[in-house]
Amino acid sequence: MVQSCLTQLPLQQLTKLLQQREISCREILQAYLDKIHTFNNHLGAFLQVADREKLLSLADESDARWQKKQNKSALDGIPIAIKDNIHVHGLKTTCASRLLHNYSPPYEATCVEKLREAGAIFIGKTNLDEFAMGSTTENSATQQTHNPWDINKVAGGSSGGSAVAVSAGMSPLALGSDTGGSVRQPASFCGIVGLKPTYGYVSRYGLVAYASSLDQVGPMARDVYGATQLLNAIGGFDERDSTSIRSAPVALEALQRNIAGKKIAILGEISNYINPHVAKVFEQSIESLRSLGAEVTEVEFPFFDYVVAAYYLIATAEASSNLARYDGVKYGQREERKTYQEMLTATRSQGFGKEVKKRILLGNFVLSSGYYDAYYLKAQKMRRRICHLLNNILHSYDAIVTPTTPNTAFTKGESEQDFMKVYVADVTTVIANLTGLPAVSIPCGMVENLPVGLQIIGGALQEQQILNIAYQFEKTQQKQFIPKLENIDTQQQIVHKNIATQNKAHQSFSEQLQQVRASYKAQPQHSRIYNNDLANHVAKEVTICGWVHKINKLGGVEFMIIRDATGFAQVVVENSSEKYELETVVRVTGIVAREKRSPYGEIEIAKPQIEVVGHSYAAPPLSMSTNPEGFNLPTVLDNRPVSLRNPQILSTFKIQSLVVRFFSGYLRSQNFFEIKTPKIISTGTEGGSNIFPLDYFGRKVYLAQSPQFYKQTMVGSGLERVFEVGPVFRAERHSTTRHLNEYTSLDFEMGFIHNEQDVIDMQEKLLRHIFQNLQQTYADYVTDRTLDLAIPDTIPRIHFLEALEIIKSRGGKAVQQDDDISSIGEQVLHKYCLEEHNSHFVYVIGYPQQKRPVYTMPDERLPGYTRSFDLLYKGIEITTGGQRIHDYEMLCENIRKGGGSLEDVKDYLSIFKHGMPPHGGLGMGLERLTMKIMGHDNVRHASLFPRDIHRVSP
């Protein structure tokens, strides 16, 4: 028989020919050795090949036994490739690592002993990802392994060498190890059969440990029969492995059984993770199973989002422990140093590769005292839940089927560019490892000339069941999955050509990059002048930038008004044929000249050179040079990105920016620290129902209605005084001129106070600082009106009950349905304070307990009332604040009285449990304050992009 044909035969045909003595074991061995000699340099499957003469001698011994019909088993004389993390006498075990590059094991793995007793011949050791940590066999410290279907693709991993050896016809059978899919995934990528047995079915004695609770030796073959024979040879109880279990071999005749009536489950959510082309092949495989009489049904499996995370946390934790033994003392490479610690560090640093180091670091992290419960323990809990669910499914079904991998083989180097994509691709295979269940991958189709695998998962010790289904499915496949190795030379030439092209392109790109780098230092300096500074540059050439705001024509002269953030400039354009649309963005260079007729500071720019840097392609929806008082507010808000260009509209937000600047500056001067707190929270801060719920990765959370809990926490942290400027959210169905569902809150909280009056005193000083500074600066930003920024020397302070009497005495409605002062009542109070105290401001102090949050300090002088306050400005509430409860037991009692759960706020309460100073604070609405400062009648005028019950855009 032609040797190239011989190496394409599955085991069943090889053994049949041996039984009939049509071929010999020597011929079989020579054929595979010749194949290795021809293609291993191209494919990198084997790290070492056993001595040829010794192998041929063993083959001759097997032939003699076959001749006498005394062969030890069906595997007598059959070459088998062994993954290089399984110990074999006479061959080194390197684990593809520099650390073990010359290690010869003193004992042999149990599975190898069993194969030796069966007469198998160990042809060599195959490549792997270092210490079996990887999914591509690119992490080998020795060499890379290439996929025989396309050498630009990976072979899969970590048993990539074994998979390629079988696929490329360099060995009829191979052993791999499977920790998270390391037998099945490369089997899928290379178009062969790969089986992970039930955990404990095959002894792990002599297998170099990666993750002890997940590792399992598994067979790889061209067909199901070969995988079954190999499984039977290596399976069985071993007292040297404490996790070994007793099991019966698979009956070969059972493979022939009809699978009609078998109940097979599909994990319903799998489609979310699978490449569409792979999904199509999977659907065809399902139809093939149905054509065999199997009943295929979809079941729920909601844990796909967690399986990869659980696997990697557990696997790396166990790996960090298992690899601790490689210290340079007992065996393996040693880097000589003066001290043990130096030697250990150097040995491991130089001996381990990048991927191994990464997994050791992650494993040590998840096992560390601060993170064990948060990560490793949770991963183990998820593992139990996955086991429970899969066992329940398999109680009702004979097997589960999935695609073996979500994609076909990755392109070389892809794992370096996006290692998370490679990790996540284990989503289908790690299920069987986490649960210890048997799973087999069998070729089921092709996508773009690359094999696709079908995975069949069974119940514990149900290898016979899944191999029976796989065997029957295999018979439905019309295609033989044998790569065309004669194309490898051509492929390699293309690869070398591509590399040369890439190198040339890289050289060209490097030159371009060098030019770009050089341009950084040679960047021209643009000394732009702002419009409000032109008077300081008379008779000088300057460059200004901005928008064309307006064009006035007088005879042959155009007076172009340029608008920037600071104001306007007049540019005199003479004898120009250029046309400029309004709102065109320009850069103008010219001479600054004095001109008394110029309405812009008696300054203009003459002899201009105008460069258009941003074209205006349409007339704006609103005029930028018209007083916006005549605009319809919905129209202004609908076109907010453009309407903001109107200087009078924009001036509101310039003033708002100044308010924030003066607010922050003053508080910093008073030893306050600025903080930024989360806006996604697990429970409502203020209580009640006015909070927005969110779906946060399956958990119900809320948008923060206040930074209150965090402000108090930071006071107790030791900062003592804190402030924040940030958004808050209120899910209140108001549609008034004063309410928004998202607004900006100016908050501060301060410790070591006597009572709420200290907080009020601080705000009074703060407001005086803000208003006095605005008085001095606002004219630079607001030119169309005069702002009323009066603030009294002392802001009136009245009690809530007194306020109600004042309102009633003046014929106003004192309270609304929620027992708060009504909007009409607020206006009455404003009028009263203006008349009696010449003040637009008034503090209302001592609100009822039922109106205030549970953390508000009760007023011991007036039972039922609190040490809280509101500040009203020009007839509207702009601030709510007060003293907070700082005693832990008092706060707990108040929360209980309010119907709250201590468990819901346990994190908040923890700071009080360990000593909290007397403290208080407030929150002030920036938009309401701005609205009143600017004299607007609707708070939406003072909100950049308002959010209310009707508006969520722009």
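Procedures and definitions
What you see as residue numbers is a count from 1 along each chain, following the sequence as written. Under the rules for a predicted model, residues below a pLDDT of 70 receive no local features and side-chain atom pairs below 80 are neither given nor counted, while totals for whole chains, interfaces and linings still include all residues. Side-chain measures were taken over the full set of non-hydrogen atoms in the model, leaving aside hydrogen atoms and water. Counting from the N terminus, the helices are the DSSP runs of H or I reaching at least four residues and the strands are the DSSP runs of E reaching at least two. For the radius of gyration, the atoms used are the C-alpha atoms, and the globule rule reads 2.2 Å times the number of residues raised to 0.38. Any residue under 20% of the maximum accessible area for its type is buried, any over 50% is exposed, and the rest in between are partly exposed; the area is computed with a 1.4 Å probe on protein chains only. We call two residues contacting when some pair of their heavy atoms lies within 4.5 Å. Accessibility throughout is a Shrake-Rupley quantity obtained with a 1.4 Å probe, and a residue counts as covered only by protein chains that appear here. Asp and Glu count as negative and Lys and Arg as positive, but His and the ends of the chain are not part of the count. Charge positions come from single atoms, namely NZ of Lys, CZ of Arg, CG of Asp or CD of Glu. Expected helix span is taken as 1.5 Å per residue step, with the number of steps being one fewer than the number of residues. Pairs of N or O atoms within 3.5 Å make up the polar contacts considered here, provided that, within protein, one atom can donate a hydrogen while the other can accept it, and that residues adjacent in sequence are counted only when both atoms are side-chain atoms. UniProt positions are given in the numbering used here, feature names are shortened, and annotations may be inferred rather than shown by experiment. By salt bridge we mean one thing: a side-chain nitrogen of Lys or Arg within 4 Å of a carboxyl oxygen of Asp or Glu. DSSP bridges decide pairing: two strands pair if at least two such bridges lie between them. Lines fitted to C-alpha atoms define the axes here, with helix axes fitted over just the stretch in contact, and angles between the N-to-C directions of these axes take values from 0 to 180 degrees. By definition, no residue in a patch forms a salt bridge, and every one has over 30% relative accessible area; like charges are joined within 9 Å, nonpolar side chains (Val, Leu, Ile, Met, Phe, Trp, Tyr) within 5 Å. We call two directions roughly parallel when the angle between them is under 35 degrees, roughly antiparallel when it is over 145, roughly perpendicular when it lies between 65 and 115, and oblique otherwise. The hand of a helix crossing depends on one turn: near helix anticlockwise from the far one by less than a right angle means left-handed, and clockwise means right-handed. Centres within 6.5 Å are what make two rings of Phe, Tyr or Trp a pair, Trp counting through its six-membered ring; a difference in plane orientation under 30 degrees is then read as stacked, over 60 as edge-to-face, and the rest as tilted. A ring is scored as having a charge over it whenever the NZ atom of a lysine or the CZ atom of an arginine sits within 6 Å of its centre and within 35 degrees of its normal. When two cysteine sulfur atoms lie within 2.5 Å, the pair is treated as a disulfide. Take the buried Ala, Val, Leu, Ile, Met, Phe, Trp, Tyr and Cys residues and link them wherever side-chain atoms come within 4.5 Å; each set so joined is a nonpolar core.

**Things to note about the overall build of the chain**
In terms of helices and strands, the chain carries 28 helices and 29 strands. For 954 residues, the compact-globule estimate of 2.2 N^0.38 gives 30 Å, and the C-alpha radius of gyration of the chain, at 39 Å, exceeds that figure by more than 25%. By its C-alpha atoms, the chain is 125 × 80 × 70 Å across when sized along the principal axes. Across the 954 residues that make up the chain, the buried fraction comes to 55%. A fraction of 71% describes how many contacts in the chain between residues 6 or more apart in sequence connect residues 24 or more apart. As displayed, the chain offers around 42900 Å² of accessible surface, 49% of which is attributable to carbon and sulfur atoms. Computed over 100 positive and 101 negative side-chain charges, the separation of the two mean positions in the chain equals 3 Å.

**Side note on helix α4 (residues 52–67)**
For α4, which comprises 16 residues, the first-to-last C-alpha distance of 22 Å matches the rise-based estimate of 22 Å (1.5 Å per residue) to within 8%. Among all positions of α4, only Leu55, Leu56, Ala59, Ser62, Asp63, Arg65 and Trp66 are buried. Two or three places before Glu53, at the opening of α4, Asp51 has a side-chain oxygen 3.3 Å from that residue's backbone nitrogen. Immediately beyond the C-terminal end of α4, within one or two residues, lies Lys69, with a positive phi of roughly 60 degrees.

**Let's talk about the UniProt feature "binding site: ATP" (unreviewed entry) in the chain**
Mapped onto this structure's residue numbering, the UniProt feature "binding site: ATP" (unreviewed entry) falls at Arg730, Ala731, Glu732, Arg738, His739, Leu740, Glu877, Gly925, Leu926, Glu927 and Arg928. Mapped onto the elements, Ala731 comes out in the loop between β23 (721–729) and β24 (742–751). Residue Ala731 is classed as partly exposed on the basis of its relative accessible area, which comes to 26%. Positionally, Leu926 belongs in helix α28 (residues 926–934). Overall, Leu926 belongs to the buried group, its relative accessible area being 4%.

**Quick look at the pattern of salt bridges**
All told, the structure shown has 41 salt bridges when counted by the stated rule. The network of salt bridges with common partners includes Lys711, Asp747, Glu749 and Arg884.

**Some details on the environment of Arg290**
Mapped onto the fold, Arg290 is located in helix α9 (residues 276–291). Distance in space between the C-alpha atoms of Arg290 and Ala260 is 8.4 Å, their sequence separation being 30 residues. Among the polar contacts listed, one links the side chain of Arg290 to the side chain of Glu287, at a separation of 3.0 Å.

**A closer look at unusual backbone geometry**
With an omega of 10 degrees, the peptide bond between Gly157 and Ser158 qualifies as cis. The topology assignment puts Ser158 in the loop between β5 (150–154) and α6 (160–167). For Asn449, which is not glycine, the phi dihedral falls at a positive 65 degrees. Structurally, the position occupied by Asn449 is in the loop between β12 (439–447) and β13 (450–457). Given a relative accessible area of 62%, Asn449 falls into the exposed group. One non-glycine residue with positive phi stands out, namely Asn575, at about 50 degrees. With respect to the helices, strands and loops of the structure, Asn575 is situated in the loop between β16 (567–574) and β17 (585–594). On the basis of relative accessibility, which here comes to 77%, the residue Asn575 falls in the exposed class.

**Considerations on the sheet that holds β17**
Within the closed barrel, the 5 strands sit side by side as β14-β15-β16-β18-β17. Their pairing is mixed. Averaged over all pairs of adjacent strands, the angle between their axes in this sheet comes to 55 degrees, without regard to strand direction. As paired strands, strand β15 (residues 557–564) and β16 are joined by 8 bridges and run antiparallel to one another. In the strand pairing of β16, Val557 is matched with Glu574.

**Some remarks on a positive patch on the surface**
Side chains of Lys378, Lys381, Arg384 and Arg699 sit close together on the surface and give a patch of like positive charge. If one sorts the elements of the positive patch by residue count, helix α13 (residues 372–396) sits on top with 3 residues. Note on placement: Lys378 falls in helix α13. Exposure remark for Lys378: the relative accessible area of 54% places this residue in the exposed category.

**Here's the deal with helix α8 (residues 224–234)**
Counting buried positions along α8 gives 10 out of 11 residues, so the element sits mostly inside the fold. Among the residues making up α8, those that are buried are Val224, Tyr225, Gly226, Ala227, Thr228, Gln229, Leu230, Leu231, Ala233 and Ile234. After α8 finishes, the residue Gly236 shows a positive phi value of roughly 125 degrees.

**Some words on the packing of helix α21 (residues 647–669) against helix α23 (residues 756–777)**
The N-to-C vectors of α21 and α23 enclose an angle of 135 degrees; their axes lie 9 Å apart at closest approach. When the interaxial angle is binned, α21 and α23 end up oblique. Once α21 is placed against α23, the crossing between them reads as right-handed. For the pair α21 and α23, the contacting residues are Ile655, Leu658, Val659, Phe662, Phe663, Tyr666 and Leu667 in the first and Met762, Lys765, Leu766, His769, Ile770, Asn773, Leu774 and Thr777 in the second.

**Focus: the sheet that holds strand β8 (residues 217–221)**
Paired through backbone hydrogen bonds, the strands of a sheet run either parallel or antiparallel to each other. As summarised here, the arrangement of the 11 strands in space is β1-β3-β2-β6-β8-β7-β12-β13-β11-β9-β10, forming an open sheet in which the pairing is mixed. Looking at strand neighbours, the two that pair on one side only are β1 (46–49) and β10 (295–299), the edges of this open sheet. When the angles between neighbouring strand axes are averaged without regard to direction, this sheet yields 30 degrees.

**Side note on a nonpolar patch on the surface**
On the surface, a nonpolar cluster with roughly 340 Å² of combined accessible area is contributed by Leu362, Phe365, Tyr371 and Tyr375. Structurally, Leu362 can be placed in helix α12 (residues 354–367). For Leu362, a relative accessible area of 34% translates into the label partly exposed.

**Some details on the side chain of Gln712**
Tracing the sequence through the fold places Gln712 in helix α22 (residues 708–719). The exposure class of Gln712 is buried, given its relative accessible area of 0%. Ignoring anything within four residues of it in the chain, the contact list for Gln712 reads Glu749, Tyr855, Arg884, Ile885, Tyr908, Phe912, Met916 and His919.

**Brief notes about the packing of aromatic side chains**
Under the criterion given, the structure shown has 26 aromatic pairs. Geometrically, the ring pair formed by Phe301 and Phe303 is edge-to-face, given 5.8 Å between the ring centres and 80 degrees between the ring planes. Looking at Phe301, the relative accessible area reads 0%, which means it is buried. The exposure class assigned to Phe303 is buried, which follows from its relative accessible area of 10%. Cluster of aromatic residues (ring-pair linked, three or more members): Tyr273, Phe301, Phe303 and Phe304. Geometry around Tyr847 places Arg852 over its ring, the cationic atom sitting 4.0 Å from the centre.

**Here we look at the state of the cysteines**
Within this structure, the stated rule accounts for 0 disulfides. Between Cys444, a cysteine without a disulfide, and Cys190, which holds the nearest cysteine sulfur, the sulfur-to-sulfur distance is 15 Å. Accessibility expressed as a relative area gives 8% for Cys444, which makes it buried.

**Some details on the nonpolar core**
One recurring pattern in soluble globular proteins: nonpolar side chains tend to sit buried together. Judged by nonpolar contacts, the single largest core of 154 residues is most densely connected at Leu115, Phe131, Met170, Phe301, Val307 and Ile456. Of the residues forming this core, the biggest block, 11 residues, is contributed by helix α10 (residues 304–322). In terms of nonpolar packing, the next biggest core, distinct from the first, is built from 46 residues, Tyr666, Ile753, Ile770 and Ile878 among them.

**Comments concerning the environment of Glu486**
One can find Glu486 in the loop between α17 (463–476) and α18 (488–521). Here Glu486 falls in the exposed class, since its relative accessible area comes to 58%. For Glu486 and Gly124, which are 362 residues apart along the polypeptide, the C-alpha to C-alpha distance reads 23 Å.

**Some thoughts on the pairing of β23**
Within β23, 7 of the 9 residues are buried, which leaves the element mostly enclosed by the surrounding structure. Bridge analysis of strand β19 (residues 673–674) against β23 gives 2 bridges, and the strand direction is parallel. Looking at the pairing, Phe673 lines up with Val722 of β23.

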